[in-house]
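Working through the structure, step by step
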Amino acid sequence: MPRVTCFSRSRCTGVEQLDDQTIRSFCRLQDTFMEAMVEITARVPDLDITAVRGEIQRSPNTETPEPTPLLEKVIGVRIGAGMQKIFEGLLEGTGLCKQLIFMLEECCHGVILSFTKGTVERFPHDEEEAVEYLARDVKKHIRLYNRCAAFAPGSRIVEGIKPPR
Amino acid sequence: MLNYMRNKVMSVARVREDLLSVYGVLDDDLYGLWMKVGIDLPGMEILSLEAGWNRWTTPECRLAIEPLQEAVGMRIEPGLRQKVQKSISRKACRHFANLLLECCHAAKEASQWISTQDLEKDRAPEGVSGDGKKADSPSPSGGHEKGAPQKDEKPRERDSSAGIIIDLHVHTSKGSPCSSAPVDGLIEEAGRIGLGGICLTDHNHVWPPDRVEDLRRKHGFLVLRGNEITTDQGDILVFGLDRDIYGIIKLEELREEVLAEGGVMIAAHPFRGFLVFDAAQLGLTPEKAMERRLFKHVDGVEVLNSKVTKDENDFAGKVAAGLGMPGTGGSDAHSVEEVGIYATRFPGIIRDEKDLVQAVKRGEGVPVAFRRNRIT
């Protein structure tokens, strides 16, 4: 059977600091059936969403409602732990395309990862030193313990660290 | 200039009549990873998975590859996201989990297109022969609680001069899907370590009063009813509101309801933060945080919670102090051995929810690190 693709998708998320207090994040989707974008701005340091807009340029579903007024329900929500549950609670059942809810989450994860990038840039380059540095980080942020394979028992990073209760 | 960028590309090819091959790549400023997933048609079951790293952040990220095999056998159906988040995200890596969900979603889109194409092909010579595949409905995980021996006692009278220490934030397996703690086990453990009472604060669920009264009598222990309600501004501990709230409620709407009922609201773990960076990195100061809308609509702040870091608790303590708001302590227990890690000491007698609400309103509670100060 020829290996021609029957579906292709590309999704791009980007984050830009507009000024000291404003961060913008966007997510663009392009696939065989759909083309859409979601853009948010958030206020630093609280990371509460101050503006959001969405656009569907191409979709097989012609009944999709105008996304921006629905997405605006999340204005004021803070980007951080628990946001997925809040987004789902505020937006599911409104008729908003689920893909756009996911793209909103992607925008927010982008914001978080843009700050994580700053943390990762401080990791030591030497492997052993990096393990020690990360072990100290786990002790400080114990919720990291067992958060993923790198911080689970069996990893050098958590060796000798007492699991949280 | 962009501070951060992530690109994901997924492609789906039908390599056999009954097999989709999905190839996905995630590449951002921090990570580079790829995944190849084999998915059967029309069952939409993951049959094979290969994956690899191109770039990673920690020296131990390599350990994520092996546990990815837990995805094999999963079906693309409602509930998949939760399954992937529970297993792949936790045991392997959340970025691989994200890419896997993307691959699965791409496969689903492709399969829908394929079934339309197949139907059209079939229709041309002889008519329709649809396969009508539908996802199974997800089964809710219902936890059963082990029964403890009946004691049928009235709650023990507490020494009022010493006050009472209550864990104000406890989740049971009956009321919170995320908890593994049976209510009887929690009460027995709370009694064993010397707490004066616990408050059941399940997620968006208030225990029926008669059921809680039964528990009080059965264990001879003070059990109170509360609720942890998710609002657009985060989780709020509510005492004195006798109804379930479904879904997400706006903070102001909840405030109106609670005030009408004469209850109180406590901002739960208000600075539960990110995993690898903190408030300082964001430039968040207690003064700045005090301006949050959240604090205009609550009666107190949870300043000791066992699910957040010491820094996050300290930060909450500074904000509460700055605002002149009472602070409370609660374990946020999701397992029996966590009950009482933190609690709140009240100087007077608390016999029921009314007493609790009044004591919180008067700002009488003092947060305490309870379990760690005892030999347990």
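Residue numbers run consecutively from 1 along every chain, following the written order of its sequence. Here the convention is simple: chains get letters from A, ligands get numbers from 1, in the order in which they are written. Thresholds applied to this predicted model are a pLDDT of at least 70 for local features of residues and 80 or more for the giving and counting of side-chain atom pairs; totals over whole chains, interfaces and linings are not thresholded and use all residues. Hydrogens and waters are ignored; side-chain quantities use all the structure's heavy atoms.

What about the overall build of chain B?
Counting its secondary structure elements, chain B contains nine helices and 13 strands. The buried label goes to any residue with under 20% of its type's maximum accessible area, the exposed label to any with over 50%, and the partly exposed label to all in between, with areas taken from a 1.4 Å probe on protein chains only. Here chain B holds 376 residues, and the buried ones make up 55% of them. We call two residues contacting when some pair of their heavy atoms lies within 4.5 Å. Restricting the contact set of chain B to residue pairs at least 6 apart, pairs at least 24 apart contribute 65%. Only runs of H or I of at least four residues qualify as helices and only runs of E of at least two qualify as strands under DSSP, and these elements are numbered from the N terminus.

Details of the packing of helix α2 (residues 83-91) of chain A against helix α3 (residues 98-120) of chain A
Residues and elements named next belong to chain A. Helix axes use the C-alpha atoms of the stretch in contact, all axes being lines fitted to C-alpha atoms, and the angles between their N-to-C directions lie in the range 0 to 180 degrees. Between α2 and α3, the least distance of the axes is 11 Å, while the angle of their chain directions is 155°. In terms of orientation, α2 and α3 fall into the roughly antiparallel class. Here the hand of the crossing between α2 and α3 comes out right-handed. Along its contact with α2, which presents M83, Q84, F87, E88 and L91, the element α3 presents I101, L104, E105, C108, H109 and I112. Here roughly perpendicular refers to angles of 65 to 115 degrees, roughly parallel to angles under 35, roughly antiparallel to angles over 145, and oblique to all remaining angles. By definition, turning the near helix anticlockwise from the far helix through less than a right angle yields a left-handed crossing, and turning it clockwise yields a right-handed one.

Digging into the interface of chain B and chain A
With 77 residues of chain B in contact, the opposing surface of chain A contributes 74 residues. Buried area, as used here, totals the accessible surface that two parts lose on assembly, with accessibility defined by a 1.4 Å probe and the loss added over both. Between chain B and chain A, a total of about 6500 Å² is buried, with carbon and sulfur atoms accounting for 56% of that surface. The term salt bridge refers to a pairing of a side-chain nitrogen on Lys or Arg with a carboxyl oxygen on Asp or Glu at a separation within 4 Å. The interface formed by chain B and chain A holds 10 salt bridges in total. Here A:K140 ties to B:D311 by a salt bridge, and the two come within 3.9 Å at their closest N and O atoms. Side-chain atoms alone can form a polar contact between residues adjacent in sequence; in general such a contact is a pair of N or O atoms within 3.5 Å, and within protein one must be able to donate a hydrogen while the other accepts it. On inspection of chain B and its partner chain A, the count reaches 27 residue pairs in polar contact (both at pLDDT 80 or more). Only β1 (2-16), β2 (19-28), α1 (80-92), α2 (94-123), β7 (222-231), α6 (279-282) and α8 (310-323) of chain B provide two or more residues apiece to the side of chain B that touches chain A. Per-element accounting of the side of chain B that touches chain A gives the leading share, 15 residues, to β1(B). Each residue is assigned to one of three groups, with Ala, Val, Leu, Ile, Met, Phe, Trp, Tyr, Cys and Pro labelled nonpolar, Asp, Glu, Lys and Arg labelled charged, and all others, Gly among them, labelled polar. Per-class residue counts for the side of chain B that touches chain A are 31 nonpolar, 19 polar and 27 charged.

Regarding the domain arrangement of chain A
Parsing chain A into structural domains produces domain 1 (9-114) and domain 2 (118-158). For every domain, the bounds stem from an assignment made automatically or drawn from a database. Computed over C-alpha atoms only, the centres of domain 1 of chain A and domain 2 of chain A are separated by 30 Å.

Structural notes on the nonpolar core
In a soluble, globular protein the nonpolar side chains are often hidden away together inside. Nonpolar cores were defined as sets of buried Ala, Val, Leu, Ile, Met, Phe, Trp, Tyr and Cys residues, with membership established by side-chain atoms within 4.5 Å. A:I79 and B:L100 are the most contacted members of the largest nonpolar core, which has 95 residues in total. For this core, the domains that each give at least three residues are domain 1 (9-114) and domain 2 (118-158) of chain A. Among all residues touching A:I79, those that are not within four sequence positions of it are A:I40, A:A42, A:L47, A:I49, A:C108, A:V111, A:I112 and B:F274. Core analysis: the next-biggest nonpolar cluster, separate from the first, contains 25 residues, B:L251, B:L254, B:M290 and B:A316 among them.

Thoughts on empty space enclosed by the protein
Both site types are read off a 1 Å grid over the protein atoms alone. A 1.4 Å probe that fits but cannot get out defines a cavity, while an open set with protein on both sides within 12 Å along at least five of seven lines defines a pocket; lining residues have an atom within 4 Å of a point. Grid points are joined across faces, edges and corners, and a volume is the space filled by probe spheres set on the points. The full count for this structure, using the stated rule, is two cavities of 30 Å³ or more. Approximately 290 Å³ is the volume found for the largest cavity. Taken together, 21 residues form the lining of the largest cavity, with A:C148, A:F151, B:Y31, B:T57 and B:R94 sitting closest to its centre. Mapped by element, the contributors of at least two residues to the lining of the largest cavity are α3 of chain A together with α2 of chain B.

Focus: the environment of A:N61
Among the secondary structure elements, A:N61 is positioned in the loop between β4 (48-58) and α1 (67-71). A sequence separation of 14 residues divides A:N61 from A:L47, and the C-alpha atoms of the two residues are 33 Å apart.

Overview of the pattern of salt bridges
Residue and element names in this part refer to chain B. Considering all chains together, one arrives at 47 salt bridges over all chains under this definition. Put simply, R243 and E257 hold a salt bridge, and the shortest N to O gap is 2.5 Å. Of this pair, R243 sits in the loop between β8 (234-239) and α5 (251-261) while E257 sits in helix α5, and the two are 14 residues apart along the sequence. Of the residues examined, E257 reaches a relative accessible area of 25% and is grouped as partly exposed. The shortest N-O distance in the salt bridge between E338 and K307 comes to 2.7 Å. Residue E338 is located in the loop between β11 (327-330) and β12 (342-346), and its partner K307 is located in the loop between β10 (300-305) and α8; the two are separated by 31 residues in the primary sequence. What emerges from the salt-bridge pattern is a single network uniting E213, R216, R217, R225, D242 and E353.

Considerations on helix α3 (residues 183-193) of chain B
Residues and elements named next belong to chain B. Within α3, eight of the 11 residues are buried, which leaves the element mostly enclosed by the surrounding structure. All of the buried residues in α3 are V183, D184, G185, L186, I187, E189, A190 and I193. Phi turns positive, to about 95°, at G194, one or two residues after α3.

Focus: the side chain of B:T231
Its place among the elements puts B:T231 in strand β7. Using a relative accessible area of 0% as the deciding quantity, one classes B:T231 as buried. Within the structure, the side chain of B:T231 is placed 2.9 Å from the backbone nitrogen of B:Q233, a separation counted as a polar contact. Among the polar contacts listed, one links the side chain of B:T231 to the backbone oxygen of B:G234, at a separation of 2.8 Å. What B:T231 contacts, discounting residues up to four positions off in sequence, is A:I86, B:I236, B:I248, B:I249, B:L251 and B:L254.

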